[in-house]
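So the chains spell out like this:
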Amino acid sequence: MSQIVNILEEKCPKCAEGKVFATKGNIFLLRMPKMNEKCSCCGHKFEKETGYFFGSMYVSYAMAVAEMVGAFLIMQFFVKGFAPMITIIAILAVLLSTFNFRISRMLWIYMFDGPGRTL
Ligand SMILES: [Zn+2]
């Protein structure tokens, strides 16, 4: 349970103290989140090698699809018509993009470099 909290709070997978992201990003200003290179507390390097976070794109994709399907299932009771529904889902996908970016990388780090992992 504490790992889920640490993922949502974007804490270092090794010491659970340092922050993984320096900035959260802002989609309204077209700024993506910026990661710290190393943990400020324990010095753990987050990006092990070039392309380490390539796989987190699949996590982000799965999250985006789940959010869109969830939005569709909720909106089908309130929104009539295909075009408004697609527009709302597209806007939602854009608004959640920085959140998905951060959480997918956090899930990726905790899956392959989390507590107890020695690789
Ligand atoms: Zn750390």
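Please refer to the structure higher up on the page.
Definitions and limits used
- Residues numbered from 1 in each chain as written.
- Predicted model: local features only at pLDDT ≥ 70, side-chain atom pairs only at ≥ 80, totals over all residues.
- Heavy atoms only, no water.
- Core = buried A, V, L, I, M, F, W, Y, C linked by side-chain atoms within 4.5 Å.
- Buried < 20%, exposed > 50% of the residue type's maximum accessible area, 1.4 Å probe, protein only.
- Helix = DSSP H or I, 4+ residues; strand = E, 2+ residues; numbered from the N terminus.
- Contact = heavy atoms within 4.5 Å.
- Donors = N, O, S within 2.8 Å, 3.2 Å for Na, K, Ca; no water.
- Tetrahedral: all angles 85-135°; square planar, octahedral: opposite > 155°, others 65-115°.
- Salt bridge = Lys/Arg side-chain N within 4 Å of Asp/Glu carboxyl O.

Chemist: Tell me what's going on with the nonpolar core, and back it up with residues and numbers.
Modeler: In this structure, Val20, Phe46, Phe53, Met106, Trp108, Ile109 and Tyr110 are the most contacted members of the largest nonpolar core, which totals 15 residues. If you list the elements that add at least two residues to this core, you get helix H2 (56–75) and helix H4 (97–113). Sort the elements by how many residues they give to this core and H4 lands first, with five residues. Those residues in contact with phenylalanine 53, other than ones at most four positions away along the chain, are Met35, Phe46, Glu47, Arg105, Trp108 and Ile109. Met75, Val79, Met85 and Ile89 belong to the second-largest nonpolar core, a separate cluster that totals five residues.

Chemist: Can you lay out the coordination of the zinc ion for me, pointing to particular residues and giving the numbers?
Modeler: Binding of the zinc ion to the protein goes through Cys12 (SG), Cys15 (SG), Cys39 (SG) and Cys42 (SG), at separations of 2.2 to 2.3 Å. One can describe the donor arrangement at the zinc ion as tetrahedral, given that its four donor atoms subtend angles of 105 to 114° at the metal. Judged by relative accessible area, which is 0%, cysteine 12 ranks as buried. With a relative accessible area of 5%, cysteine 39 lands in the buried category.

Chemist: I'd love a proper account of the pattern of salt bridges, names of residues and values included.
Modeler: The final tally for this structure, using the stated rule, is three salt bridges. Residues glutamate 10 and lysine 24 are paired through a salt bridge, measuring 3.9 Å at the closest nitrogen-oxygen approach. On the criterion of sequence distance, the pair formed by glutamate 10 in the loop between helix H1 (2–8) and strand S1 (21–23) and lysine 24 in the loop between S1 and strand S2 (34–35) is long-range, its members being 14 residues apart. Assessed through its relative accessible area of 1%, glutamate 10 is described here as buried. One salt bridge in this structure joins aspartate 113 and lysine 48, with 3.5 Å as the shortest N-O distance. Taken together, the residues span a long stretch of sequence, with aspartate 113 in helix H4 and lysine 48 in the loop between S2 and H2 at a distance of 65 residues. Judged by relative accessible area, which is 1%, aspartate 113 ranks as buried. Residue classification places lysine 48 among the partly exposed positions, given a relative accessible area of 34%.

Geometry only, nothing functional implied.
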